[in-house]
Amino acid sequence: MADVTFSPGPLPRDAKVYVAGHRGLVGSAIWRKLQAEGFTNLVGRTSAELDLKDRAGVFEFFAAERPAYVVLAAAKVGGIMANNTYPVDFLSENLQIQVNTMDAALAHGVERLLFLGSSCIYPKLAPQPLKEGYLLTGHLEPTNDAYAIAKIAGILQVQAVRRQYGRAWISAMPTNLYGPGDNFSPTGSHVLPALIRRYEEARQSGATTVVNWGTGSPLREFLHVDDLADACLFLLEHYDSPDHINVGVGEDLTIKEIAGMVAHAVGYTGEVEWDTTKPDGTPRKLMDVSKLTAAGWTASIGLREGLERTVAWYRANVVAARD
Ligand code: GDP
């Protein structure tokens, strides 16, 4: 078994860092964070420039660029309806993206890689809050099991590379994320951008009723993506373990409560109905963040403030955000 060598401390600001998925919600936030922290040698490719499902192309890219650090934030992501409707796309595309990127990173000497997953890796009915150790202790939530299995495979790949090759690779599992650059498509998005768009359109058109999905009773936790980006740099500089680590705020609200906060942030004052023919998904997925807190990191952007910032971003970028 190979030994993993890692010394905590600041990453060299001139090191070449490849952010896979740098145009997405997560990758773009990480890119902004690294730039703000003085990193001068960032590498990114749009999916048009480099399709991470193209294994030969990914190997050529790594051979040419030889990044020292990799943040694997590229993924096919979507809300409950997209995951439930296109499971094989979420399974297959995510497996290909991960396996190609990690295989190429291994072949081209990347010592440090951060793989990003999701809180949906945990069993549907796991005790709450979700501790890292609950992974693979029960059945997954069926609306996103395909995506979850791909992400679980990614965690295993990181662990296996550490065991077999001694690379200091790590993985982090963020809770539900939101913020600038999110997908606001009505059918493909997660709940927060969906509600922001629905409520804003209702406010603009003067509609007196909006219809949300499900019962409104599930509980969800939300982390602003700029907080996640901050956590990612913290983990790259300080965390080294085969065990994945949760990234969240440690508090959740019902979808109904969240909808009320969105209405307030947007200024929508009409009625709200709930379409219970749409799925609720998992009843609750609150992260236990005690491991990350003990390591020295906590979130700093409150949901109210983060929502206001996201609504402002949506209004300023409304055309770009439309599908
Ligand atoms: P999940 O966390 O994987 O279940 O994904 P979502 O963010 O898509 O959904 C979270 C919860 O919000 C579910 O209970 C949905 O039924 C509920 N929800 C209510 N209205 C909407 C909506 O317009 N879009 C989405 N995506 N979810 C909604």
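In what follows, the structure referred to is the one given above.
The following refers to the structure shown. Remember, it's a predicted structure, so these values are computed and weren't measured experimentally.

### Regarding the nonpolar core
- Counting residues in hydrophobic clusters, the biggest one holds 39 residues, and the most contacted among them are Tyr-18, Leu-52, Phe-62, Leu-113, Phe-115 and Trp-169.
- At the level of secondary structure, the elements contributing two or more residues to this core comprise strand 1 (17-20), helix 2 (55-65), strand 3 (69-72), helix 4 (87-107), strand 4 (112-116) and helix 5 (145-165).
- Not counting residues up to four positions away in its chain, the partners in contact with Trp-169 are Met-102, Ala-105, Leu-106, Val-110, Glu-111, Arg-112, Leu-113, Val-158, Val-161, Arg-162 and Ser-241.
- One finds Val-17, Ala-73, Leu-233 and Tyr-239 within the second-largest nonpolar core, a separate group that totals 35 residues.

### Some points on the site of the ligand
- Neighbouring the ligand are 17 residues, the closest being Ile-80, Arg-198, Arg-220, Pro-279 and Asp-280.
- In the environment of the ligand, an oxygen atom lies 2.6 Å from a nitrogen or oxygen atom belonging to the backbone of Asp-280.
- In the complex, the protein chains occlude 98% of the 530 Å² of accessible area that the ligand would expose alone.
- When contributions to the shell around the ligand are tallied by element, the ones reaching two or more residues are helix 6 (191-205) and strand 7 (209-213).
- Sort the elements by how many residues they give to the shell around the ligand and helix 6 lands first, with three residues.
- For the shell around the ligand, the per-class residue count stands at seven nonpolar, six polar and four charged.
- When residues of the shell around the ligand are assigned to domains, at least three map to each of domain 1 (17-178 + 222-247) and domain 2 (191-220 + 251-285 + 301-315).

### Here we look at the sheet that holds strand 2 (residues 42-43)
- Taken in spatial order, the six strands of this open sheet run 2-1-3-4-5-10, and their pairing is parallel. If you trace the sheet from one side to the other, it starts and ends with strand 2 and strand 10 (245-247), each paired once.

### Observations concerning the packing of aromatic side chains
- Counted according to the given criterion, the structure contains eight aromatic pairs.
- Plain terms: the ring middles of Phe-184 and Trp-313 are 6.0 Å apart, the flat faces sit at 20° to each other, and that makes the pair stacked. With Phe-184 in the loop between strand 6 (176-178) and helix 6 and Trp-313 in helix 10 (residues 303-316), this pair connects stretches of sequence that are 129 residues apart.
- The exposure class of Phe-184 is buried, given its relative accessible area of 0%.
- One aromatic cluster in this structure is built from Tyr-18, Phe-61 and Phe-62.
- The cationic tip of Lys-76 hangs over the ring face of Phe-90; the distance from NZ or CZ to the ring centre is 5.0 Å.

### Considering helix 10
- Taking 1.5 Å of rise per residue, the 14 residues of helix 10 would be expected to cover 20 Å, and the 20 Å separating its terminal C-alpha atoms lies within 8% of that figure.
- Those residues of helix 10 not exposed but buried are Leu-303, Gly-306, Leu-307, Thr-310, Val-311 and Tyr-314. Seen from one end, helix 10 has its buried residues packed into an arc of 135°, which puts them on one side.

Calculation notes
- Throughout this document, residue positions are counted from 1 along each chain, in the order its sequence is written.
- Totals for whole chains, interfaces and linings use all residues, but because this is a predicted model, local features are given only for residues with pLDDT of at least 70 and pairs of side-chain atoms are given and counted only at 80 or more.
- Water and hydrogen atoms were dropped before computing side-chain values, which therefore reflect all heavy atoms in the structure.
- We call a set of buried Ala, Val, Leu, Ile, Met, Phe, Trp, Tyr and Cys residues a nonpolar core when their side-chain atoms join them within 4.5 Å.
- Burial classes follow relative accessibility: with a 1.4 Å probe on protein chains only, a residue under 20% of its type's maximum area counts as buried, one over 50% as exposed, and anything between as partly exposed.
- The helix and strand labels rest on DSSP assignments: H or I over at least four residues marks a helix, E over at least two residues marks a strand, and numbering proceeds from the N terminus.
- The contact definition used throughout considers only heavy atoms, calling two residues in contact when any of these lie within 4.5 Å.
- Near residues are defined by distance, with any heavy atom within 4 Å of the molecule or strand qualifying the residue.
- Whenever a nitrogen or oxygen atom comes within 3.5 Å of another N or O atom, the pair is scored as a polar contact, on the condition that within protein one atom can donate a hydrogen and the other can accept it, and that pairs from neighbouring residues in sequence are kept only if both atoms are in side chains.
- Note that accessible areas follow from Shrake-Rupley with a 1.4 Å probe, and for residues the cover is restricted to the protein chains shown.
- Residues were grouped as follows: Ala, Val, Leu, Ile, Met, Phe, Trp, Tyr, Cys and Pro as nonpolar; Asp, Glu, Lys and Arg as charged; and all remaining residues, including Gly, as polar.
- Reported domain spans reflect what an automatic or database domain assignment gives.
- Paired strands, in this sense, are two strands between which DSSP finds at least two bridges.
- Pairing of aromatic rings covers Phe, Tyr and Trp, the last counted by its six-membered ring, and requires centre-to-centre distances within 6.5 Å; plane angles under 30 degrees mean stacked, over 60 mean edge-to-face, and any other angle means tilted.
- Ring-over charges, as used throughout, are those where CZ of Arg or NZ of Lys falls within 6 Å of the ring centre and within 35 degrees of the ring normal.
- The span one expects for a helix is its residue count, reduced by one, times 1.5 Å.
- Read the arc as the range of directions from the helix axis to the C-beta atoms.

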